[in-house]
Amino acid sequence: MSWWKKLLWVGISALGVWAMAVLALSRGEQISAFWIVLAGFCALSISYRFYSKWLAAKVLVLNEERATPAVLQNDSKDYVPTNRWMVFGHHFAAIAGPGPLVGPVLAAQFGFLPGTLWILIGATLGGGVHDMIVLFASIRRGGKTLGQMVKEEIGRGVGLLALISVLAIMIILLAVLALVVVQALAQSPWGVFTIAVTIPLALIMGIALRTGKVSVVAVTIFGLLGLAFGVWGGQFLAHFPAIEAWFRHDQKWLAWAIMLYGLAASVLPVWMLLTPRDYLSTFLKLGTVAMLAAAVVLINPTLQMPAITKFIDGTGLVFAGPVFPFVCITIACGAVSGFHSLIASGTTPKMIRRESRIRNIGYGAMVTEMLVALMAMIAACVLQPGQYFAINTKGTPTEVVARVSAAGFPVTEKEMQTLATNLGESTMFNRAGGAPTFAVGMAHMFARVSAKPTALALWYHFAIMFEALFILTTIDAGTRVGRFLLQDFLGNVWRPLGNTRSWSANFFSSVLLVAAWGWFLYEGVIDPLGGINSLWPLFGLANQLLSVVALCLGTTLLIKMHEAKYLFVTLVPLCFMCAVTFSAGYLKVFSPDPRLGFLSGARSLLGEAGGLADPTKAAEFARQANVWRFDALVAVFFLVLVLLIVLSSARQWWQMLRGTKRVVLHESEFVPITAAQLAEF
């Protein structure tokens, strides 16, 4: 490296340290959101340039001469060699679900500093490694799923436990993601119109590329023009009531529509719908995030939220729980997320043409998502804290205003009504969940560049549509990956069901999987109290438990590859995530605080139900108590399964390192890539 490049990287490092010092050490003064953006770009640049390159060259030793599963098993359905930018677009769109948008917004109740630190450190040292090593392992093993690899590398008994736990967790995750989309799109013609436009666009793009007569550039231009029409044209539906009625639907209709879409995305060839649609949506995702970053630089908004709030002790208004471990549970996809391991061992390894792409797709997509999470943190923290807490706190307007003001963040009902009017909404109370808050923050920043009085409402509804599109791309890829996992499991019962080349087996497995997460989704739609409240507390915990399983696999592989000297790469994030998940799991089940613990919450609800004169209300409370007991049972089930996997893995590591167990690396045979294939790529 030349001296001027060394000087450049030293300067970038110094800028990053300076930005973090400003964020961490400033107290009692206003801080510009620009420092978070600067810290994020410096962390991305340094970690990708040096750490990911070192991982690729020294730890994983990527080999350009080795043929990938997409090349060897090209079946035109699941295994399809795909342009690297389309694979990046698909992978990023699939992993970037609600986590990088909703998680940081909810975690902002602790202040901007804890969440920002976790995003920066977690993504660069944990999430990037987690995604990259699972993608590498799957490609080296013929595109096998996480459950299959755990069974082969750690043990058959543990592998069966992994398959059951991963599949159960996957169903919960998909149901929650779908429910978030349904709630965002209900009675929103603009959002439904935009998403509806992307489906025929994706089909045309996929078929055009498949013919081989149309270039990726031409298809991309066509897709972008169509996407721009979908995003821009949706706002004019109000002028055409008859057409608008086609796209205005309630939650039940949307739930069925999303189930049918998930089924189609799972069954149709990957090149026809899934890949082009995810690739297309990535432009909107990255374009919007880039606009947010530019807005922060140009507008230079001030962070209204303190660096650290008093709610780090667990008494938060948005959700209960101390800053550790719940900041790491709440912010998953922007830092370390187990769901990524399912995509990295599901659809993505079946499309990559060359091993060198593992670095920019596995690690690069993760640190790009890190920037999305930072933008979400900024969107939440530029709001007045009183407004932020009033939006996310449950209760009547009078109760919410009193609670938030008493906590030291003054707000009035008149102020909240003015905000709702400016956004084109009837009220902004009881809009918990993170998505509306992100949309409000995003609208505030974008509206500052326009003098139009309707700009705030326009950008708010654009942000809601953007979030729904952001999350929907995770559902389609997740359903396909879930089908792979289900076929792995069913193949142990009857071998033909595990054959991914059989259309009938694929269709049968897809219907079963969609029916499983669709049932939870529909229950959440018809009974929100027993639906979203039942599933959401399990979402973060289940997601992070998956990351523990994936990091166990990564550690096992490094030992089997005779790379024990690099064990710290996976072992350090594994130990940290074990501390996070098991402590959070214990608190969620056994905490005496009824706002936090499932069991104490159930007892509290039953006590309240006994004192109610209204039998309908009492029955509702009793049902919710049963739901929380069920949550506790499911949480314990997940925790025990993952604990068994960790203990079994640790025992195997000890035996292999001591030399008392023969090391067998289950890896696909080396097949060199041909000169013709190299020329094609």
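### A closer look at the pattern of salt bridges
Applying the stated rule across the entire model yields ten salt bridges. Among the ionic contacts, a cluster of salt bridges with common partners joins Arg66, Arg140, Glu355 and Glu667.

### Brief notes about the side chain of Asp78
In this structure, Asp78 sits in the loop between helix H3 (69-72) and helix H4 (84-95). Overall, Asp78 belongs to the buried group, its relative accessible area being 3%. A polar contact of 2.6 Å, which involves the side chain of Asp78, links it to the side chain of Arg480. With residues up to four places along the chain from it excluded, the contact list for Asp78 reads Val270, Lys350, Arg480, Arg483, Phe484, Thr500 and Asn506.

### Focus: unusual backbone geometry
A cis geometry characterises the amide bond from Phe324 onward to Pro325, with omega recorded as 15°. Relative to the assigned elements, Pro325 resides in helix H14 (residues 323-330). Even without a glycine there, the phi angle at Ser76 is positive, about 65°. Mapped onto the fold, Ser76 is located in the loop between H3 and H4.

### Brief notes about helix H6 (residues 112-140)
For H6, with 29 residues, the first-to-last C-alpha span of 40 Å sits near the 42 Å given by 1.5 Å per residue. Buried residues dominate H6, accounting for 26 of its 29 residues. Phi turns positive one or two residues past the end of H6, at Gly142, with a value near 75°.

### Describing the packing of helix H8 (residues 156-185) against helix H12 (residues 251-267)
Packing of H8 against H12 leaves a shortest axis separation of 9 Å and a crossing angle of 135°. Taken as axis vectors, H8 and H12 run oblique relative to one another. The hand of the H8/H12 crossing is right-handed. Along the contact surface, H8 presents Ala178, Val181, Val182, Gln183 and Leu185, while H12 presents Gln251, Leu254, Ala255 and Ile258. Of the residues belonging to the contact of H8 with H12, the class tally is seven nonpolar, two polar and no charged.

Reading the values: rules and limits
Residues numbered from 1 in each chain as written. Predicted model: local features only at pLDDT ≥ 70, side-chain atom pairs only at ≥ 80, totals over all residues. Heavy atoms only, no water. Salt bridge = Lys/Arg side-chain N within 4 Å of Asp/Glu carboxyl O. Helix = DSSP H or I, 4+ residues; strand = E, 2+ residues; numbered from the N terminus. Buried < 20%, exposed > 50% of the residue type's maximum accessible area, 1.4 Å probe, protein only. Polar contact = N/O pair within 3.5 Å; in protein donor to acceptor, adjacent residues only side chain to side chain. Contact = heavy atoms within 4.5 Å. Expected span 1.5 Å × (residues − 1). Axes fitted to C-alpha atoms, helices over the stretch in contact; angles between N-to-C directions. Parallel < 35°, antiparallel > 145°, perpendicular 65-115°, else oblique. Left-handed = near helix turned anticlockwise from the far one by under 90°. Nonpolar A, V, L, I, M, F, W, Y, C, P; charged D, E, K, R; others polar.

The analysis is restricted to geometry; functional conclusions fall outside its scope.
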